[in-house]
Amino acid sequence: MARPRKPLLSRDRIVDAARSLVDAEGLAAVSTRRLAAELGVSGPSLYNHFATKDQILEAVADSVSAQVDLSMFEDGRDWRTALHDWAVSYRAALTRHPNIVPVLASGPGRRPAGLRLADAVFGAMVDAGWPPAQATSIGALMRYFIMGSALGSFAGGFVDDETAYDPADYPHLGQAHLLAEHQQRVDERAFETGLRALLDGLALQYERVALHTG
């Protein structure tokens, strides 16, 4: 009986394995030796697809960017609704893969999915009537906000110990030990509150832009 063949090594297989490793153990866990072991291949075979570990991490980052929905910029939604829905999708992708955020934070560089994302946001804002310079600023602002929200949990930063926050020292943190228990809900509510405040501010600026261009 013929022995079952191992799946052919491909860029996609390498990226999937690296992304799983980053998700489970962080960026420092990724090495060509470790990936080769995970994939059941020899280390040098990886170099037929990626020259360096950094190239692998770049590809992992781009695979996460590719998970972000961009349809809202093409289906007729107004600019504010589109930004809101895109931000929610973007944050969802990052919260599924938080350990890759430091690589994504460096900017899209030459990563195709990251560049498509930046192009979609900028193009939609310009098409909506924002001047190009302000459209660029909006893209940067949204990125700062979304990336920052994914870098860490506010609620998760408090310990689940009611004795940790002495009211003599922290008179307003008497319930802080309860935050960790409701981490996801607290963080999602904080993100939505900040996102709506940010969009409210942009809407006011947009009215001024309309007045000057109308």
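What counts as what
Residues numbered from 1 in each chain as written. Predicted model: local features only at pLDDT ≥ 70, side-chain atom pairs only at ≥ 80, totals over all residues. Heavy atoms only, no water. Helix = DSSP H or I, 4+ residues; strand = E, 2+ residues; numbered from the N terminus. Rg over C-alpha atoms; globule rule 2.2 N^0.38 Å. Buried < 20%, exposed > 50% of the residue type's maximum accessible area, 1.4 Å probe, protein only. Contact = heavy atoms within 4.5 Å. Areas by Shrake-Rupley, 256 points an atom, 1.4 Å probe, with all protein chains shown as cover. Lys, Arg positive; Asp, Glu negative; His and termini not counted. Charge placed at Lys NZ, Arg CZ, Asp CG, Glu CD. Core = buried A, V, L, I, M, F, W, Y, C linked by side-chain atoms within 4.5 Å. Salt bridge = Lys/Arg side-chain N within 4 Å of Asp/Glu carboxyl O. Expected span 1.5 Å × (residues − 1). Phe/Tyr/Trp six-rings, centres within 6.5 Å; stacked < 30°, edge-to-face > 60°. Lys NZ or Arg CZ within 6 Å of the ring centre and 35° of its normal. Arc of directions from axis to C-beta.

Undergrad: Lay out the overall build of the protein chain in plain terms, naming residues and giving numbers.
TA: Secondary structure assignment for the protein chain yields nine helices and zero strands. Reading the protein chain from its N end, one meets helices and strands in the order α-α-α-α-α-α-α-α-α. Taking 2.2 N^0.38 as the reference for a compact globule, 214 residues should give roughly 17 Å; the C-alpha atoms of the protein chain span a radius of gyration of 22 Å, well beyond that estimate. Burial statistics for the protein chain: of 214 residues in total, 36% are counted as buried. In the protein chain, the share of contacts with a sequence separation of at least 24, taken over all contacts with a separation of at least 6, comes to 70%. For the protein chain, the accessible surface area stands at approximately 12600 Å², while carbon and sulfur atoms represent 55% of it. Separation between the mean location of the 21 positive side-chain charges and that of the 26 negative ones in the protein chain comes to 11 Å.

Undergrad: Explain the nonpolar core to me, and be specific about the residues and the numbers.
TA: Among the nonpolar cores identified, the biggest contains 53 residues, and Leu35, Phe73, Leu83, Trp86, Leu94, Met125 and Met142 are the most heavily contacted of them. Of the residues forming this core, the biggest block, eight residues, is contributed by helix 5 (residues 79–96).

Undergrad: Let's hear about the environment of Gln183: which residues, and what values?
TA: Mapping Gln183 onto the fold places it in helix 9 (residues 183–213). For the pair formed by Gln183 and Arg11, sequence separation is 172 residues and the distance between their alpha carbons is 36 Å. For Gln183, the residues in contact, after removing those within four places along its chain, are Ser153, Ala155 and Gly156.

Undergrad: Account for the pattern of salt bridges, naming residues and giving values.
TA: A full pass over the atoms with the stated rule returns eight salt bridges. The partner of Asp75 in a salt bridge is Arg77, and the shortest N-O contact between them spans 2.5 Å. Residue classification places Asp75 among the partly exposed residues on the basis of a relative accessible area of 44%. For Arg77, a relative accessible area of 31% corresponds to the partly exposed category. Arg77 serves as the salt-bridge partner of Asp85, at 2.8 Å between the closest nitrogen and oxygen. One connected set of salt bridges, linked through shared partners, spans Glu25, Arg34 and Glu38.

Undergrad: Would you mind going over helix 5 in detail, with residue names and values included?
TA: Look at helix 5: 26 Å from first C-alpha to last across 18 residues, which is about the 26 Å you get at 1.5 Å a residue. Looking only at helix 5, the buried set comprises Trp79, Ala82, Leu83, His84, Trp86, Ala87, Ser89, Tyr90, Arg91, Ala93 and Leu94.

Undergrad: Account for the packing of aromatic side chains, naming residues and giving values.
TA: Enumeration according to the criterion identifies nine aromatic pairs in this entry. Considering the side-chain rings of Phe145 and Phe191, the 5.2 Å spacing of their centres and the 15 degrees angle between planes classify their relative orientation as stacked. Here Phe145, found in helix 8 (residues 132–151), pairs with Phe191, found in helix 9; they are 46 residues apart in sequence, far enough to count as distant. Ring plane angle 70 degrees and centroid distance 5.9 Å describe the contact between Phe158 and Tyr165, whose orientation is recorded as edge-to-face. With a relative accessible area of 18%, Phe158 lands in the buried category. Among the residues examined, Tyr165 registers a relative accessible area of 15% and is labelled buried. The ring of Phe191 is capped by Arg91, whose NZ or CZ atom sits 4.9 Å from the centre of that ring.

Undergrad: Kindly report on helix 8, identifying the contributing residues and their values.
TA: When the terminal C-alpha atoms of helix 8 are compared, their 29 Å separation across 20 residues agrees well with the 28 Å that a helix rising 1.5 Å per residue should span. Among all positions of helix 8, only Ala135, Ile138, Met142, Ile146, Met147, Ser149 and Ala150 are buried. Along the axis of helix 8, the buried positions cluster into a sector of 160 degrees, meaning they face one direction only. Opposite the buried face of helix 8, by more than 90 degrees, sit the exposed residues Ala133, Tyr144 and Leu151.

So yeah, pure geometry; function would need other evidence.
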